[in-house]
Amino acid sequence: MAASFGRGAMTNHWKDFKNSDMFLVVGANPAEAHPCGWRWAYRARDERGAKIIHVDPRYTRTSATADVYAPIRAGTDVAFFNGLINYVLDNELYHEEYVRQHTNASFIVAESFSFDEGVFSGYDEAVRGYDTSTWDYEYEKAAAEAGEDSTGDERPPATGSGESAVDPRGFVRTDDTLQDPRSVFQLLKEHVSRYTPEVVSEITGIPEEKFLEIAELWGSTGAPDRVGAMVYAVGLTHHVTGLQMIRSLGMLQLLLGNVGRTGGGVNAERGHANIQGNTDNAISWEILPGYLGIPRPGMETLDDYIEQVPAKQLAMNSLNFFGSRYRDFLVSLQKAFFGDAATEANDWAYDWIPKPAENSSWLTAHNEALQNRLQGLIAFGFHNPAVGPDTNRVLQSLSNLKWLVAMDPLPTAASEFWRAPGVEPDQVDTEVFFLPCTHWIEKDGAFTNSGRWAQWKWKALEPEGEIKDDHWVLAQLYLGLRDLYEEEDGAFPDPILGLAWPYSDPGHPPLEELAKEMNGRNIETGEQLSTFADLKSDGTTLSGNWIYAGSWTEEGNQMARRNNDDPTGMGFHHEWAWSWPLNRRVLYNRASADENGRPWDPRRPGIQWNGSLWVGDVPDFPPDEAPDVGTGAFIMTGEGVGRLFAPGGLTNDGPFPEHYEPTEAPVENAVPQGRREHPTAFFYDGARESFAPAGGDFPYVATTYRITEHEHYVTQHVPYLVETQPDFFVELDPDLAAEKGIANGSQVRVRSMRGEVEGVAMVTKRMRPLRLGRSKIVHQIGIPVHWSYVGGKARAKSNANLLTPYIGDSNVRTPEFKGFLVDIEAV
Amino acid sequence: MPINRRDFLKLTGATATGAAYAAFGFDLAPAYAQARSLKIDRATEVRSVCPYCAVGCSMIAYVTGHQAANTKPTLVHIEGDPDSPINEGTLCPKGASTMQLALGGSAERALRPKYRAPGADEWQDMSWDEALERITRLVKDTRDDTFEETDDDGNTVNRQRGFAFTGGATQSNEEGYLAAKLMRALGTVYIEQQARV
């Protein structure tokens, strides 16, 4: 999503579903996975006749309440969305005014960009990578001319006055008629023209007439007074093409004018209580809090970093807000982390930020352990082996560690790995610690939900025995390390000794103080800030997470607010808790209005211009900037608009989405001029040998999923839930069951190249064989993930991830938990 | 006076007023005094948020002895918070059973740290002091052993690739922020939570 709009978060929020005309739910099952949020879609259905379309490998309770359901082969969603884009462009269903005003459709693309035989320009097969600089726009100045210009100092001002650095080549050339063959619009049209309904059907297994029915329905949301909400979850991200799946649905939403609007948006449904909040806080290898990029080797100074990481202003009317304020946010972060030790003289302690060499994702970290290069692991509420992928590989990686610390209220698959089935404890030399930590209800603190609402919760119970808070453990670890580095020195102690630890109880920092530090304050006056607009790069402000500025102001804890009034009737609830950024409830909401500031649909205004101000939701835009100034709605991108074409290094696998087959696929790629294997997916040492070829011994497509009664693995400790969903099972279709002699309720074994599971066969018409093209039939098998060797009905061979392949998305390395090959047999 | 079932319920639902006394010919007050009171009587309502998925359903925890002197707070009930504009009092099966999770689930909750020595096939109890001392030593030794001030190209990198930090999706923002702050200060680059897995 960041590649499309500039931010990676659900654009709208749960209650906003009530404002929709239509839902396209793909790779998600909200009726079971998010039932209390999905109620709002039913409200829209019941009160405004909204339609629900569900596309998923499995027929679920979401399908049962949908108006249209289509089964899809796992891992083929890019083909589905590119097909929809093709249909929308071909039939001119797009929202033309929106596309002109709010997307980069009119931008001219450089001659260096091309696409041929399934790969984009700049591809080097030997390194399985692209020279992404070939995916660029054409600029007003020629390259030679720009070269002369850039001998001057083009760096952004160090004062952080918010002036935007313009690309040295000037602004991007545009063609407002959208007719130039090198315009994004025409190139996109050409790119997706291969995804005809027939081709889409052959790849995805969605019958052609069903695809056309969906295309016509969803295309109808391109009318300015209609709006549709796109809903997805890990059913889309868990693929080697995961990021491009999200790109393709985001582009479709831009074309239909559905982004930034109440009732619309691109809505990623997150699976854990605070997965959003602690992504915002950058427990994620490639970012720092507030989605600031992690510096890379070679960016030797803060100036280098500011020169290379933030977006440049690429269009005259682009505010480029994020790009222009990057220095303010980073310096304020350094002041929060390092306090007085971060000074102008030491470049704000820029050197103290670690610079990862290459990908440092989940898969990479466990692979490092597998290769005996990692010594230790802290599992902060995490079931690493159960999460997988390829549980046996993860178990081996943990067995190679010198030490492992598991912090959790209850035993986990990580804390117990050394006695997992198939692991001999006497062969495991890992020292393992289990540190009993508090439950959510034994402490205060805020959870940020999928819709970006940060809601404060209060401590209700005292922990029993010697159970301690997670942050107590972290603080004790820090104080212990600080003492050791003071006593005996060690490697580069500066950031440890210089870390700001200004808490009233250093051994147990109050969560309120941490929340205030995240929000930020003026260091000179001590006042809490109410907006990140006040952050500065001169060392006079601090903010631990700039997007949380406004969450704890001089008026107090905004996340604890509980007034549920809704004066606009649009469900914004601005006084219930607090939503980042700046209590805004719908991101990019400037795009909810036309060039004169009038809502596309007056019944559902996001924000509108009242002659002097933008009113309604908190504007994602300068609140007093008149629409006739013409400033672009997407203030987080250098372009000022949403990206149909994502230039340069925003992705590593293409500026347009292209369908490649999953790593393990039963068929060849049916896209004309297509390529079967993802060109840039990364193969870890020895993993490639564990992938099954097409036409081999593993003919069936498997997909993993979640059910209502469990959440990952922790609920195996909750007796009511274990009773309602007691045992591991496997879903398969009746045809396959008949072919294999498998009776409903009998025990089956499912095998992949990597492992096997055994469970109860659930033979059900909810799974159905797919017909690809004229003759090819593909069976899919559904495997829930919630069982392992810990808690509840713990037993061997009940963990879905024993089967999954050790490979991830080309860009962010999200593992391919969906769409891999297995065989199945009666036990 | 004939009383059908419905009238009877109506009458018994009223307090022991004169009307009830007249209808039944006897005083119900002592019987009410004997009846068990609601378990949430005298409980404090503490507002919480569901710990499972990311819808963010508000919930009310009913606790007796909350912040009272010389008593241990006791959780008596959890239900959806009707004030929330998100869930309007509803909870799913997971949310509705959070009380069991809060009370320790299937009674496996460890009350003090546990240690499993290399090669051992059992946990042993360990004090916090001992566990923290040992962990701090391991973290420092690993960091010192693997710290890279520069990479092969001579770039300043100041990173440690000796240990990884995974998790955070179940901890609050403030705890997660502290974790990110500490881990980056230690030079950690292998940092991931549940967002992608």
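Quick caveat: nothing in here was measured; it's all calculated off a predicted structure.

Engineer: Looking at this structure, how should I read the overall build of chain A?
Structural biologist: Within chain A, the regular secondary structure consists of 23 helices and 31 strands. Taking 28 Å as the expected radius of gyration for a compact globule of 827 residues, we find that chain A reaches 26 Å, a close match to that expectation. Based on the C-alpha atoms only, the size of chain A along its principal axes is roughly 70 × 70 × 55 Å. Of the contacts formed within chain A by residues at least 6 apart in sequence, a portion of 73% connects residues at least 24 apart.

Engineer: I keep staring at the overall build of chain B and nothing clicks. Help me out?
Structural biologist: Of regular secondary structure, chain B possesses seven helices and nine strands. Within chain B, the proportion of its 197 residues that are buried is 46%. Long-range pairs, those at least 24 residues apart, make up 34% of the contacts in chain B between residues at least 6 apart in sequence.

Engineer: Looking at this structure, I do not really get the packing of helix α9 (residues 197-204) of chain A against helix α10 (residues 208-219) of chain A. What am I missing?
Structural biologist: Helix-helix packing is characterised by the crossing angle of the two axes and by the distance between the axes. Residue and element names in this part refer to chain A. Put simply, α9 and α10 touch, their axes get as near as 9 Å, and they point 115 degrees apart. Crossing handedness for the pair α9 and α10: right-handed. Listed contacts from α10 to Pro197, Glu198, Val200 and Ser201 of α9 are Glu208, Phe211 and Leu212. Taken together, the residues that form the contact of α9 with α10 break down as four nonpolar, one polar and two charged.

Engineer: Honestly, the sheet that holds strand β5 (residues 124-125) of chain B in this entry has me stumped. Any pointers?
Structural biologist: Remark on secondary structure: sheet strands pair via backbone hydrogen bonds, oriented parallel or antiparallel. Here seven strands make up an open sheet; going across it, the order is β5(B)-β4(B)-β14(A)-β13(A)-β12(A)-β8(B)-β9(B) and the pairing mixed. Two strands in the sheet have a free side with no partner beyond their single neighbour: β5 and β9 (191-192) of chain B. Two elements, strand β12 (residues 376-380) of chain A and strand β8 (residues 163-167) of chain B, share five bridges in a ladder whose sense is parallel. By the bridge assignment for β8 of chain B, Gly376 of chain A is matched with Phe163 of chain B.

Engineer: Would you mind showing me how to read the interface of chain A and chain B here?
Structural biologist: Interface size is commonly expressed as the accessible area that is lost once the parts come together. Facing the 133 residues of chain A at the interface are 106 residues of chain B. At nine residues, helix α19 (residues 470-488) of chain A tops the list of elements feeding residues into the side of chain A that touches chain B. Taken together, the residues that form the side of chain A that touches chain B break down as 71 nonpolar, 42 polar and 20 charged.

Engineer: What is the right way to look at the domain arrangement of chain A in this model?
Structural biologist: Domain parsing of chain A yields domain 1 (2-96 + 195-272), domain 2 (362-446 + 458-488) and domain 3 (688-826). Placing the centre of domain 1 of chain A and that of domain 2 of chain A at their C-alpha centroids yields a distance of 38 Å.

Engineer: In this structure, what is going on with the sheet that holds strand β3 (residues 74-80) of chain B? I would like to understand it.
Structural biologist: All names here are of chain B. Spatial strand order, β1-β2-β3: three strands in an open sheet with antiparallel pairing. Of all the strands in the sheet, the pair left with one neighbour each is β1 (44-49) and β3. With strand direction ignored, the average angle separating the axes of adjacent strands in the sheet is 30 degrees. Direction of pairing for strand β2 (residues 58-64) relative to β3: antiparallel, over a ladder of six bridges.

Engineer: Looking at this structure, I do not really get the confidence of the model for chain B. What am I missing?
Structural biologist: Parts of the model with low pLDDT should not have their predicted coordinates read in detail. Residue and element names in this part refer to chain B. Per-residue pLDDT for chain B averages 87, and the proportion of residues at 70 or more is 82%. Within the model, pLDDT remains below 50 along residues 5-20, and this stretch shows 11 contacts once partners closer than five positions in the same chain are excluded. With pTM at 0.94, the complex prediction returns an ipTM value of 0.96.

Engineer: Teacher, can you tell me more about the packing of helix α5 (residues 77-90) of chain A against α10 of chain A here?
Structural biologist: All names here are of chain A. Across the interface, α5 lies against α10 with an axial gap of 10 Å and an inter-helix angle of 60 degrees. By the angle class used here, α5 and α10 are oblique. Classified by chirality, the crossing of α10 by α5 is right-handed. Contact residues: Gly83, Leu84, Tyr87 and Val88 in α5; Phe211, Ala215, Trp218 and Gly219 in α10.

Engineer: What am I meant to see in the nonpolar core here?
Structural biologist: Side chains that are nonpolar tend, in soluble globular proteins, to be buried together. Counting residues in each nonpolar core, the largest one holds 271 residues, and the members touching the most others are Phe23, Ala379, Leu404 and Val405 of chain A. With residues near it in sequence (within four places) discarded, Val405 of chain A still touches Ile378, Ala379, Phe433 and Leu435 of chain A together with Ile135 of chain B. Judged by nonpolar contacts, the second largest core, of 30 residues, contains Phe698, Leu736, Met767 and Val822 of chain A.

Engineer: Would you take a moment to explain unusual backbone geometry for this structure?
Structural biologist: Most peptide bonds take the trans configuration, and most residues that are not glycine carry a negative phi. All names here are of chain A. Note the cis peptide between Gly388 and Pro389, where omega equals 0 degrees. By secondary structure assignment, the location of Pro389 is in the loop between α17 (384-387) and α18 (391-399). The phi angle at Leu582 is positive, at roughly 55 degrees, despite the residue not being glycine. Relative to the helices and strands, Leu582 is located in the loop between β21 (578-579) and β22 (607-609).

Engineer: Honestly, helix α15 (residues 321-338) of chain A in this entry has me stumped. Any pointers?
Structural biologist: Along an α-helix, a turn takes 3.6 residues, which lines up residues three or four apart on a common side. Residues and elements named next belong to chain A. Spanning 18 residues, α15 covers 26 Å between terminal C-alpha atoms, matching the ideal 26 Å at 1.5 Å per step. In α15, a bend of some 40 degrees at Arg327 exceeds every other bend along the element. Taken across its 18 residues, α15 has 18 buried, putting it largely inside the fold. Just beyond α15, the residue with positive phi is Gly339, at close to 55 degrees.

Engineer: Please clarify how helix α8 (residues 184-192) of chain A should be interpreted in this entry.
Structural biologist: Residue and element names in this part refer to chain A. Residues of α8 that are buried include every one of Val184, Phe185, Leu187, Leu188, His191 and Val192, and no others. Summarising the axial view, the buried residues of α8 lie within an arc of 165 degrees, below the 170-degree limit, and thus occupy one face. Buried positions along α8 lie against α5 and β4 (115-116).

Engineer: How do you make sense of the environment of Gly632 of chain A when you look at a structure like this?
Structural biologist: Residue and element names in this part refer to chain A. Relative to the elements of secondary structure, Gly632 occurs in the loop between β23 (614-616) and β24 (700-705). A count of 24 C-beta atoms within 10 Å places Gly632 in the buried class. Separated by 509 residues in sequence, Gly632 and Tyr123 place their C-alpha atoms 33 Å apart. If we skip the residues at most four places from it in the chain, Gly632 touches Ala315, Asn317, Ser318, Leu319, Gly640 and Val641.

Engineer: Please clarify how the environment of Thr177 of chain A should be interpreted in this entry.
Structural biologist: Inspection of the secondary structure assignment puts Thr177 of chain A in the loop between α7 (143-149) and α8. Along the backbone, Thr177 of chain A and Arg100 of chain A are 77 residues apart, and their C-alpha atoms lie at a distance of 8.9 Å.

Engineer: What's the story with the environment of Val667 of chain A in this structure? I'm lost.
Structural biologist: Residues and elements named next belong to chain A. Looking at the secondary structure, you find Val667 in the loop between β23 and β24. Here the alpha-carbon distance between Val667 and Leu252, two residues 415 residues apart in the chain, equals 27 Å. In contact with Val667, other than residues within four places in its own chain, are Ala694, Leu772 and Lys776.

Cut-off values and rules
Residues numbered from 1 in each chain as written. Chains lettered and ligands numbered in written order. Predicted model: local features only at pLDDT ≥ 70, side-chain atom pairs only at ≥ 80, totals over all residues. Helix = DSSP H or I, 4+ residues; strand = E, 2+ residues; numbered from the N terminus. Rg over C-alpha atoms; globule rule 2.2 N^0.38 Å. Contact = placed C-beta atoms within 7 Å. Buried ≥ 20, exposed ≤ 12 C-beta atoms within 10 Å, placed from the backbone. Axes fitted to C-alpha atoms, helices over the stretch in contact; angles between N-to-C directions. Left-handed = near helix turned anticlockwise from the far one by under 90°. Nonpolar A, V, L, I, M, F, W, Y, C, P; charged D, E, K, R; others polar. Pairing = 2+ DSSP bridges. Domains from an automatic or database assignment. pLDDT = per-residue confidence, 0-100. Parallel < 35°, antiparallel > 145°, perpendicular 65-115°, else oblique. Core = buried A, V, L, I, M, F, W, Y, C linked by C-beta atoms within 7 Å. Expected span 1.5 Å × (residues − 1). Bend = angle between axes of the 7 residues up to and from the residue. Arc of directions from axis to C-beta.

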